[in-house]
Amino acid sequence: MGLVHLLPELPGPLACRTWAAIVVTLMCAMAASAARRRILGRSRAPGRLARHWMAWSLLSALVGGGVAAARAEARMAELPSADRQGQVMTLPGRVGSLPQRTAGLGGGEGWRFVFDVDPAAVGDGAPPRVLLSCYQMPLPPRAGERWRLDVKLRRPHGLMNPRGFDQALWMLDQDLPAAGSCRSKGQQRLAEGGFSVDALRQALRDAIDRQLSERRDRRGAGVLAALSLGDQGAVNAAGWALYRDAGVSHLLSVSGLHVTMFAWLAGAAAGWAWRRSAPLCLWLPAPRAAMWIGVIAAGLYALFSGWGVPSQRTVGLLAILALLRQAGARWPWPTSLFAAAAGVCAADPWALTQAGFWLSFCAVALLMAADHRAGLGWRGALRNAWHTQWVVTLGLAPLTLLLFQQLSIVGLIANAFAIPLVSYVITPLAMLGALCPPLWTLGAWCVALMNAMLEALRVLPLAVWHLPWPPVWTQALGLLGGAVLAMPWPWRLRIGGLALCVPMLWPVTFRPAPGQLELWLPDVGQGGAAILRTQGHTMVFDAGPSWGTGSDAGQRVLLPLLRGLGERRLDLLMVSHADQDHLGGAASLLAAMPIARRLGAVAGGEDCRRGQQWTWDGVRFEVLSPIADGDAHRGSKALKRNATSCVLRVDAAGRRVLLTGDIEAPQEARLVREDGVAGLRSEVLVVPHHGSRTSSTPAFVRAVAPQVAAVQSGYLNRFGHPKPDVVARYVAAGALLLNTVDCGAWLWRSDRGSSPIEGCERARRRRYWLRLPLEIRAEDAALPASAPDVDPADLVPPDLAP
């Protein structure tokens, strides 16, 4: 089933028919074998039993793969057609999720929520569900309400960077075939919400907000909503950063412990009441009744709290154990766990692509395999809690490093007090507050206490360990080593497990050879950013855009990429000019990494001036613009900022890269006069001003004559970048034009002569739900007159913290 999600394209009709024929043939062969065995009265020998299980496993894999492919095909068919992209549609429907507050680029308050479209509108070509970003709404939306909204639609699309968040996959998993932005003049509430699970969750979240509205620290309300409702979006970005760095973010989701606790409480109460009725006890013994009522209560609570993977796993395990107890059978724990995992994957084939799936099931597998016997008394309880934390921390450390590229060194200490505090104090208070609201105030005090303790741990030296991307073989050894460390085996074997982890914990990172250059153009949406590396030095040219409060390209794109490459410091941060789409991520870089030198519009940096030059490891860097007397003595303020853009020329092993910022036609003309063809001719050009008509004049394009013209722009950006006539100008000059919208992050190395398209992240990560890399040549230059306008909020990635 999981192999389907590695396919670059879904199977076609012929492959599906072949697949079905194999499944039918295998089923007939197994049925014939079983019938023959019964007729002859033969028992199953061990070898035949093994072949029997292998056949069933193969059949299950084929059926599971076919079901996953069919469901994927059905969801892909729900995507809006190309002619609907950027078009405004009037959609009636219902708010289908808890609305989350969001801040736009200008700081205005908005809302993000799932909108279930009415079936009649779906019949007219609208998608059945849309992830909406709405601003200037006349009333705050509430789950379950009916609205009529004017919506500009787009297909799922997100930034595409190495090991980065895949928004298109996330939307596919959430069954969201489209995203959109509301038009401010077409918003009308039709009716209040009726009775539904979402409406009940909304009422409970509103009650939490009212009870805690006078507190300054809003993180308490967010944590209580996350624990009781599964509303992880209620925790703000700062809160998630704290919990992630302290290694306790797993506690903020509705976990198996919370579901099991609720099932135990419900079962105990039901058993007490059941024993009070003799007819009921005669019909069904009280222990069995309590067991099944507990399972049903666990399912209802998991559904009420968002139906996350840990909840699904726990409900599945509880149901399997209840069935086995009812039937008087006993399964080995691996079989029970495998059955629960198969049930989760059958319900949601995309669960295999979620980090929570692997963390959840691996944690349970480690605890079951460790098979620790709990001691008696409070000392035994403490030893058991410590052993559980030790096994999970050690065993999951390699997997956590691979999934999140960081490991909290203080996590063992933080979890030692956070687990009992969250599990046995804060979570019960969050649940019982529905009956007695003042308990939420007490819960918020406990959250504040926990946050203060976590803040004290986070500021310790080396509290968080960031790991470069290790090779695949070291990942396999590391996962095996973590499992060996967690097992109750002799210490000599455990030390061997630690040795297996060493290659992953200290991987050998790639560096360019002397005289060579490595260039990364990350996918930052509508903005500019580049990473340049030589053998011993690293610089960042422009830091990408800011998407709102607490979210920018430095934090979400550049820092993960730099840490994945093994960089712990920067030799130079150079910001071409002060526009927010180039400067927005600089503050995050300055706060997270030591930087030896600052140049350009970055805070505390020296000005760029023509003639500045330096050499790193045989690679020569030179600033070509602005000229000391200034180019921007006239025009608007925006023009002045663009006119002062730093232009950087880099020469490595006879190959040249030209980084231009947002220079415009006057600056291009001056460069042509001052440097001519010899000084401007470059193999790689980062196209000025994202392909705007204010730049890329014919004389400049002829002088540079790039083999590759790289554009960094946003998906369906409201400026229409790159403009069609600019695109045609480059492709007519023989350039290969790459746009990060279609290419994703782009990697170029001066010591390689391979096709530039191979450097595209979307080419390396081909999946059936992703757009293919697009290379534009002269024959492909017939583009629409302008790109559709979209709300800037649509370009903001969702909160990745959960």
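Figured I'd write up the structure that's included with this text. Only a predicted model underlies this, so the values are computations on that prediction, with no experimental measurement involved.

1. Focus: the sheet that holds strand S14 (residues 572-575)
Here six strands make up an open sheet; going across it, the order is S15-S14-S11-S10-S9-S23 and the pairing mixed. In this open sheet, the two strands that pair with only one neighbour each are strand S15 (598-600) and strand S23 (746-749). Looking at each pair of strands side by side, their axes are set apart by 15° on average, direction ignored. Taken together, the five bridges between strand S10 (residues 529-533) and strand S11 (residues 538-543) define a ladder with antiparallel strand orientation. Among the inter-strand pairings, Ala-529 is bridged to a residue of S11, identified as Ala-543.

2. A closer look at the packing of aromatic side chains
The tally for this structure, following the rule as stated, stands at ten aromatic pairs. Ring centres of Trp-614 and Phe-621 lie 5.5 Å apart, and the angle between their planes is 5°; this geometry places the pair in the stacked category. Grouping residues by exposure puts Trp-614 and Phe-621 together as buried. A cation sits over an aromatic face here: Arg-494 above Trp-491, 4.5 Å from the ring centre. When the ring centre of Trp-614 is taken as origin, the NZ or CZ atom of Arg-597, which lies over that ring, is 5.3 Å away.

3. Observations regarding unusual backbone geometry
The omega angle of the peptide bond from Ser-625 to Pro-626 is 5°, so this bond is cis rather than trans. Structurally, the position occupied by Pro-626 is in the loop between strand S17 (619-625) and helix H22 (637-643). Each neighbour pair has its own omega, and for His-721 with Pro-722 the value is -5°, a cis peptide bond. For Pro-722, the position within the fold is in the loop between strand S21 (708-711) and helix H25 (724-732). Backbone geometry places Ala-653, a non-glycine residue, at a positive phi of 55°. Within the secondary structure layout, Ala-653 lies in the loop between strand S18 (647-652) and strand S19 (655-659). Although it is not a glycine, His-689 adopts a positive phi angle of roughly 55°. Of note, His-689 is situated in the loop between strand S20 (684-686) and helix H24 (698-704).

4. Considerations on the packing of helix H6 (residues 219-229) against helix H16 (residues 438-458)
Two elements in contact, H6 and H16, have axes separated by 8 Å at closest approach and are oriented at 110°. Judged by the angle between their axes, H6 and H16 are roughly perpendicular. Side by side, H6 and H16 meet where Arg-219, Gly-220, Val-223 and Leu-224 of the first sit next to Trp-440, Gly-443, Ala-444, Val-447, Asn-451 and Glu-455 of the second. Counted by class, the contact of H6 with H16 contains five nonpolar, three polar and two charged residues.

5. Topic: the side chain of Ser-750
Tracing the chain through its elements places Ser-750 in the loop between S23 and helix H27 (761-764). Looking at Ser-750, its side chain comes within polar contact range of the side chain of Gln-516, at 2.5 Å. Apart from residues no more than four positions distant in its own chain, Ser-750 is found in contact with Gln-516, Leu-517, Ala-652 and Arg-655.

6. Concerning the nonpolar core
Side chains of a nonpolar character, in soluble globular proteins, are inclined to be buried together. With 37 residues, the main nonpolar core has Ile-208, Leu-224, Tyr-243, Val-248, Ile-426, Met-450 and Leu-454 as its most contacted residues. Broken down by secondary-structure element, the contributors of at least two residues to this core are helix H5 (197-211), H6, helix H7 (237-246), helix H15 (411-432) and H16. When residues in this core are grouped by element, the largest group, eight residues, is from H15. Those residues in contact with Leu-454 that lie beyond four places of it in its chain are Leu-242, Tyr-243, Ala-246, Val-248, Ala-414 and Phe-417. Counting residues in hydrophobic clusters, the runner-up holds 33 residues, among them Met-539, Cys-608, Trp-614 and Cys-646.

7. Thoughts on the pairing of strand S16 (residues 613-616)
Looking down a regular strand, the side chains alternate between one sheet face and the other. Burial along S16 is one-sided: Trp-614 and Trp-616 are buried, and none of Gln-613 and Thr-615, which face the opposite way, are. Two strands pair when backbone bridges link them, and S16 and S17 are joined in this way by four bridges, in the antiparallel orientation. Its bridge partner lying in S17, Trp-614 is registered against Phe-621.

8. A few points about empty space enclosed by the protein
One pass over the full model with this rule turns up three cavities of 30 Å³ or more. In this structure, the largest cavity occupies an estimated 110 Å³ of space. What lines the largest cavity is a set of 16 residues, among which Gly-528, Asp-542, His-582, Val-686 and Gln-712 lie closest to the centre. For the lining of the largest cavity, the elements supplying multiple residues, two or more each, are S10 and S11. Counted by class, the lining of the largest cavity contains seven nonpolar, seven polar and two charged residues.

About the thresholds
- Each chain has its residues counted from 1, running along the sequence as written.
- The predicted nature of this model means local features are confined to residues of pLDDT at least 70 and side-chain atom pairs, given and counted, to a pLDDT of 80 or more, with totals for whole chains, interfaces and linings taken over all residues.
- To get the side-chain values, all heavy atoms of the structure are used, and hydrogens and water are removed first.
- Note on pairing: two strands pair once DSSP finds at least 2 bridges between them.
- What counts as a helix is a DSSP run of H or I of at least four residues, what counts as a strand is a run of E of at least two, and both are numbered from the N terminus.
- Axes, fitted as lines to C-alpha atoms, cover a helix only where it is in contact. Angles between the N-to-C directions of the axes lie from 0 to 180 degrees.
- For Phe, Tyr and Trp, rings pair up if their centres lie within 6.5 Å, where Trp contributes its six-membered ring, and each pair is then called stacked (planes under 30 degrees apart), edge-to-face (over 60) or tilted (otherwise).
- Here's how the labels work: a residue is buried when its accessible area is under 20% of the maximum for its type, exposed when over 50%, partly exposed in between, all with a 1.4 Å probe on protein chains only.
- Criterion for a charge above a ring: Arg CZ or Lys NZ at most 6 Å from the ring centre, at most 35 degrees from the ring normal.
- For classification purposes, an angle smaller than 35 degrees is called roughly parallel, one larger than 145 roughly antiparallel, one from 65 to 115 roughly perpendicular, and anything else oblique.
- When checking whether two residues touch, look at their non-hydrogen atoms; a contact exists if any pair is within 4.5 Å.
- Residues are grouped as follows: Ala, Val, Leu, Ile, Met, Phe, Trp, Tyr, Cys and Pro are nonpolar; Asp, Glu, Lys and Arg are charged; all remaining types, including Gly, are polar.
- Polar contact is defined as a pair of N or O atoms within 3.5 Å, subject to the rule that within protein one atom must be able to donate a hydrogen and the other to accept it, and that residues adjacent in sequence are counted only when both atoms are side-chain atoms.
- The criterion is simple. A nonpolar core is a set of buried Ala, Val, Leu, Ile, Met, Phe, Trp, Tyr and Cys residues joined through side-chain atoms within 4.5 Å.
- Residues are called lining when one of their atoms sits within 4 Å of a cavity or pocket point, these points coming from a 1 Å grid over the protein atoms alone, where a cavity is a set in which a 1.4 Å probe fits but cannot get out and a pocket is an open set with protein on both sides within 12 Å along at least five of seven lines.
- Grid points are joined across faces, edges and corners, and a volume is the space filled by probe spheres set on the points.

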